[in-house]
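Examining the three-dimensional arrangement
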Amino acid sequence: MAADLRIGLQEDPDVLDPDQSRTFVGRIVYASLCDKLVDITPDLEIVPQLATGWSWSDDGLTLTMDLREDVTFHDGTPFDAEAVKANIDRSQNLPESRRKSEVKTIQSVEVTGPHQVQFKLKGPDATLLAQFADRSGMMLSPTAAAAAGVDFGANPICSGPFKFAERIAQDRIVLEKFGDYWNANAINFDKVTFLPIPDTTVRLANLRSGDLDMLERLAATDATSVKGDDSLQYEEAVSLGYQGITVNVGNGDRANNPVGQDARIREAFSLALDRDAINQVVFEGAFAPGNQPFPPTSPWYDKDHPVPSRDVEKAKALLKEAGHDSLDVEVQVANNPVQTQLMQVVQAMAAEAGFNVKLKSMEFASLLSDQSAGDYQASQIGWSGRVDPDGNIHQFVTCEGGINDSKYCNPEIDALLDAARTSTDLEIRKEKYDAARDILNADMPLIYLYHVTWIWALSDKLEGFTPYPDGMIRLENVKFK
């Protein structure tokens, strides 16, 4: 009997090209489709995947990496040092690449043996290995990438445990087992189907009826019900990411309004919100209130800026100081029940301070594309988080950041965040991030709200699943009992 696994996703991923994509759910698909140079453990240690080992030069400017010798891409192209060189070149030079800021410190990639590469850096880069544990480290078939160019995502060819079979937008992505996978013994399914089902209630109903075998992002309000169901398993991990509201401060004409142009108004909006109450009302206390890119439990959190308590009077005073008794704000939000409820609570709280919030409900991919294009005033959006702190902040607030949809730009922030990348001394890095937080807290292009706990629900027929704080679904050693 063929072992077919069906996984329910909260959204439909964007383009399946690791150089162009930006969605969390896309990365869940990549965990089965595209192996990376390195991976992480549940404790966030970096471990070999396509690379077997690595070493740094004393000056921190050369990273030498040894590669597996038993790997082929899904189209039969061998994985070797030349393939790594071609992949970094594409991440740096494909015009549509969103990975440029992640690999910009790489000056050159030198092939020092058939299965050994050296990355020569422009300056020390403490973040590089963590980048290689994510999309920048995903290796695409150079043959396929060269042939398809910008259209690679229509038929992605990588070297992971499963190969691409078909995709029907908003309906399903189907992968099939890759027979020549280097770690095939750890893979126990013939086919994996990812089904985007934005409605959390429907997703859970489909799991209970047997139409799904597992789902990601169980609603926190359903946790008790799942824990009490003998036919289901409940798994969770505290995430590395955040959820908040990104404000358009410089991305085209739609930034030209009081909210986009006056930081006092953004601070007023933030002060109108009771983050603890949001966590209790919307998430039954399962998540962590937040006000920074890092959760309060993170060593990178700046304790000088604790999560602010609600202050409606101060919010009103700031709004008045900025010349307004009341103000209209349009916030776009993904059309799933959880984010919608979140924004209805935000809407009610902000109203008490004089904000008339209009919610624009959108399919997630459209929300992202409008955000990129600057066709928005504010957007309720999050980030799934990265192992290295740089991954939660640099690309969002630096002038040329790959996903800086706010188009906030401050050379002082660029200097601090670039400096934080170059030191491997954790204390120096923390000083730079804290100094940046002082400025960003005043300028507030992003209003952070909370940090999620990833919650998965699985059929009791499955075994071997390990929750990871990056929220990914790794299928090694997962199987039907």
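Treat the numbers as computed from the prediction; the structure is a model and nothing was measured.

**Topic: helix α11 (residues 337–351)**
- Taking 1.5 Å of rise per residue, 15 residues should cover 21 Å, and α11 covers 21 Å from first to last C-alpha, within 8% of that figure.
- The complete set of buried residues in α11 reads Val-338, Gln-339, Leu-342, Met-343, Val-345, Val-346, Met-349 and Ala-350. Considered in projection along α11, the buried side chains sweep an arc of 155° and stay on one side of the axis.
- With a side-chain oxygen lying 3.1 Å from the backbone nitrogen of Val-338, the N-terminal cap of α11 falls on Asn-336.

**Brief notes about the packing of aromatic side chains**
- Going through the model one piece at a time under the given rule, you end up with 15 aromatic pairs.
- Consider the rings of Phe-294 and Tyr-433, whose centres lie 6.1 Å apart with planes at 75°: the pair is edge-to-face. One end of the pair, Phe-294, is in the loop between β14 (288–289) and α10 (312–321); the other, Tyr-433, is in helix α15 (residues 426–443), and 139 residues separate them in sequence. Exposure class is identical for Phe-294 and Tyr-433. Each is buried.
- With 5.7 Å between their ring centres and 85° between their planes, Trp-300 and Tyr-433 make a pair best called edge-to-face. With Trp-300 in the loop between β14 and α10 and Tyr-433 in helix α15, this residue pair connects regions lying 133 residues apart in the sequence.
- Exposure remark for Trp-300: the relative accessible area of 14% places this residue in the buried category.
- On the accessibility criterion, Tyr-433 (3% relative accessible area) is buried.
- In textbook terms, an aromatic cluster arises when at least three aromatic residues are bridged by ring pairs, as seen for Tyr-242, Trp-383, Phe-396 and Tyr-448.
- Here the basic side chain of Arg-90 rests over the ring of Phe-152, its NZ or CZ set 5.3 Å away from the ring centre.
- Sitting over the face of the ring of Tyr-468, Arg-474 holds its NZ or CZ atom 3.9 Å from the ring centroid.

**Looking at the UniProt feature "domain: Solute-binding protein family" (unreviewed entry) in the protein chain**
- The UniProt record annotates "domain: Solute-binding protein family" (unreviewed entry) at residues 45–401.
- Its end C-alpha atoms 26 Å apart, residues 45–401 is made of 28% helix and 25% strand.

**Things to note about the state of the cysteines**
- This structure, assessed with the given rule, holds two disulfides.
- What pairs with Cys-34 in a disulfide is Cys-158, and their sulfur atoms sit 2.1 Å apart. A torsion of 55° about the S-S bond marks the disulfide between Cys-34 and Cys-158 as right-handed. With a gap of 124 residues between them, Cys-34 in the loop between α1 (24–33) and β2 (38–40) and Cys-158 in the loop between α4 (142–148) and β8 (162–168) connect regions that are remote in the sequence.
- Each bonded cysteine of the protein chain gets a number by its place in the sequence, and the pairs then read 1-2, 3-4.

**Remarks on the sheet that holds strand β16 (residues 355–362)**
- Taken in spatial order, the six strands of this open sheet run β14-β18-β13-β17-β15-β16, and their pairing is mixed. Only two strands of the sheet have a single partner each, and these edge strands are β14 and β16.
- Pairing geometry for β14 and strand β18 (residues 446–451), over two bridges, is antiparallel. Paired with Ala-288 across the two strands is His-451, which belongs to β18.

**Comments concerning the nonpolar core**
- The biggest cluster of nonpolar side chains holds 113 residues, and the ones touching the most others in it are Phe-194, Ile-245, Phe-269, Ile-278, Val-346, Phe-355 and Val-397.
- Looking at which element gives the most residues to this core, the answer is α11, with seven residues.
- Excluding its chain neighbours within four sequence positions, the residues that come into contact with Phe-194 are Ile-7, Leu-9, Ile-28, Val-29, Ser-32, Asp-171, Arg-172, Ile-173 and Leu-175.
- In terms of nonpolar packing, the next biggest core, distinct from the first, is built from 27 residues, Ile-40, Val-84, Val-117 and Leu-121 among them.

**Looking at the environment of Val-111**
- Relative to the assigned elements, Val-111 resides in strand β6 (residues 106–113).
- Here Val-111 falls in the partly exposed class, since its relative accessible area comes to 34%.
- Sequence-distant contacts of Val-111, that is, excluding residues within four places in its chain, are made with Ala-81, Glu-82, Lys-85 and Gln-116.

Parameters at a glance
Residues numbered from 1 in each chain as written. Predicted model: local features only at pLDDT ≥ 70, side-chain atom pairs only at ≥ 80, totals over all residues. Heavy atoms only, no water. Helix = DSSP H or I, 4+ residues; strand = E, 2+ residues; numbered from the N terminus. Expected span 1.5 Å × (residues − 1). Buried < 20%, exposed > 50% of the residue type's maximum accessible area, 1.4 Å probe, protein only. Arc of directions from axis to C-beta. Polar contact = N/O pair within 3.5 Å; in protein donor to acceptor, adjacent residues only side chain to side chain. Phe/Tyr/Trp six-rings, centres within 6.5 Å; stacked < 30°, edge-to-face > 60°. Lys NZ or Arg CZ within 6 Å of the ring centre and 35° of its normal. UniProt positions renumbered as here; feature names shortened; annotations may be inferred. Disulfide = S-S within 2.5 Å. Pairing = 2+ DSSP bridges. Core = buried A, V, L, I, M, F, W, Y, C linked by side-chain atoms within 4.5 Å. Contact = heavy atoms within 4.5 Å.

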